[in-house]
Amino acid sequence: MAYSEKVIDHYENPRNVGRMDESDSHIGTGLVGAPACGDVMKLQIRVSDDGIIEDAKFKTFGCGSAIASSSLATEWIKGKTLDEANQIKNTEIAQELSLPPVKIHCSMLAEDAIKSAIADYKKKNDK
Amino acid sequence: MTNCEIKKQTPERPIYMDYQATTPLDPRVFEVMKPYFLEKFGNPHSRSHQFGWEAEDAVETAREHVAALINADPKEIIFTSGATESNNMAIKGLAGFYGDKKKHIITVQTEHKCVLDACRHMEMEGFEVTYLPVEKDGKLNLEVLKAAIRPDTLVVSVMGVNNEIGTIQDLAAIGKITREHGVFFHSDLAQAFGKIPVDVEAMNIDVASISGHKIYGPKGIGAIYVRRRPRVRLEALFNGGGQERGFRSGTLPTPLVAGLGEAARIAKIEMADEFKRLKKLHDKLYNALVKGIPDVFVNGSKDGFPGNINLSFAYIEGESMLMAIRGLAVSSGSACTSASLEPSYVLHALGVGEELAHTSIRFGIGRFTTEEEVDRAIEIVKNNVEKLRAMSPLWDMAQDGIDITKIEWAAH
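Here is what the cut-offs are and how they apply
- Residues numbered from 1 in each chain as written.
- Chains lettered and ligands numbered in written order.
- Predicted model: local features only at pLDDT ≥ 70, side-chain atom pairs only at ≥ 80, totals over all residues.
- Pairing = 2+ DSSP bridges.
- Helix = DSSP H or I, 4+ residues; strand = E, 2+ residues; numbered from the N terminus.
- Axes fitted to C-alpha atoms, helices over the stretch in contact; angles between N-to-C directions.
- Contact = placed C-beta atoms within 7 Å.
- Buried ≥ 20, exposed ≤ 12 C-beta atoms within 10 Å, placed from the backbone.
- Arc of directions from axis to C-beta.

The subject of this paragraph is the sheet that holds strand β6 (residues 184-188) of chain B. All names here are of chain B. The strand order β2-β8-β7-β6-β5-β3-β4 describes an open sheet built from seven strands, whose pairing is mixed. One side of each edge strand has no neighbouring strand; the edge strands of this open sheet are β2 (77-80) and β4 (128-132). The sheet shows a mean angle of 20 degrees between the axes of neighbouring strands, direction not considered. Sheet strands touched by helix α5 (residues 83-98): β2, β3 (104-108), β5 (153-157), β6, β7 (207-211) and β8 (222-226). Its angle to β7, the strand with the most contacts, is close to 160 degrees. Against the sheet, helix α6 (residues 113-124) touches β3, β4, β5 and β6, its axis set at about 155 degrees to β3.

The next point concerns the sheet that holds strand β9 (residues 296-298) of chain B. Residue and element names in this part refer to chain B. Spatially, four strands are ordered β9-β10-β13-β12 in an open sheet, and the strand pairing comes out antiparallel. The sheet is open, and its two borders are formed by β9 and β12 (331-332), each paired with just one other strand. Taken together, the five bridges between strand β10 (residues 308-313) and strand β13 (residues 360-364) define a ladder with antiparallel strand orientation. Among the inter-strand pairings, Ile 309 is bridged to a residue of β13, identified as Phe 363. On the sheet, helix α9 (residues 254-291) packs against β9, β10 and β13 and is oriented at approximately 5 degrees with respect to β10.

Moving on, we get to helix α1 (residues 5-12) of chain A. Regarding α1(A), the residues found buried are A:Val7, A:His10 and A:Tyr11. Projected down its long axis, α1(A) carries its buried residues within an arc of 100 degrees, all on one side. Turning to α1(A), the residues buried within the fold contact α2 (64-77) of chain A together with α10 (318-324) of chain B.

Residue and element names in this part refer to chain A. Assignment of secondary structure puts His 10 in helix α1. Overall, the presence of 23 C-beta atoms within 10 Å leaves His 10 in the buried class. A sequence separation of 62 residues divides His 10 from Leu 72, and the C-alpha atoms of the two residues are 7.9 Å apart. In this view, His 10 contacts Ile 67, Ala 68, Ser 71 and Leu 72; residues no more than four positions away in its chain are not counted.

Honestly, it's all geometry; don't read function into it.
Written as structure tokens, this is what we have:
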């Protein structure tokens, strides 16, 4: 089980690690997974008034592949509309990171995290 | 991944801290083994010429060294391919010989997989097995053991030192109980042999398993101790030429046997000093990592074998920790790192919650671990714990005063 270079890169050179104010109406917060499963992802988006994701932050409790999947997710959704971000498939994440079969579920959780953040934003803004 | 790619990631080799998984060969052991590969290559069972005799001499010398380390008679030592085979021989062999009348086996939930699996196999053969629980520190409660013994109990199998958490069982006390009840006592000594004093006479041990590659000997060799007074009978696992008193057919691998013998000889001499040295290094790790970092917990007992320190780093998942500290070769009780995606059953038996089991790392130090390596390890761990906690939503929640155990998670 050697570590994939891309996965290590997301840990050694973290991008978008952080938190945003959950109470801000421009922020959508997605929280998925469970500590008992060894995977918890928190993904947050800041959405502009015209529905573009301006900024994204994440924090993850999980293996290297989980960290990389959520990190990549935040990179990809920046600049996209909510609808575009909702289209992102876990298979694309898995392919980009060359995840082995046993780690595919990490990319699925990242896809869930995106959707969860978007759903939270929409709920807060009743859209 | 090609070897080039792996080398690029870890330009120097990582610091080895996985001594429970295996140990490097002691160079002194290697010297003793060498002649038996190219020059003295004879089959030790060849009775009619010098090639056989000199190989046989090496085997018998090794046998004496192995026996001496546990106060056994050389005639009671049988060489095998390793502790897994010895554990199988013990459980299946005793059941095979005495299983008509004695159909109950007692073991412990924290035993090595091969013991547990051999017991499960015996359940399919019509035996009943009791898997005893342990206390929070991994120790077996002797009252619980006594209560489990029945008139038809064949054997109690309890390991000397646990491979995951380093807990040392009170073998003498267990042996006293089994002897009183007329039950066989088997102990998997893979992690105990040569590390803590073991006396099969004083401890009333009837059968014991020994591993070569856990005490700076070669891989592929081990031994089984089988008591002769009073005589313990074992059904052999496989048939053949009847070598090793009929217990274990097959040509003995002379260099490996010689290696195990030399490893045992060295261990007997150096065991006490090594224990003291490891205790110092262990305490350094403990003070820096457990006392020096918040929310780090020891899995096992504080008075376990000092070469083993198993820690849970709350709010950080184990595999991400392993990747982060890849300058250290250690292992984890995290689900991600086991093929089955289930966290360690040993930690589960201790009552360690699943979240903390996911965060566990086992540091294993040994004969060749230096103080510099321990210092470097402490530095690497501290830096990465900080970094991973800064990335962890659970750490945030804990800092915010949220009780994580009370949250309803949307599990997937």
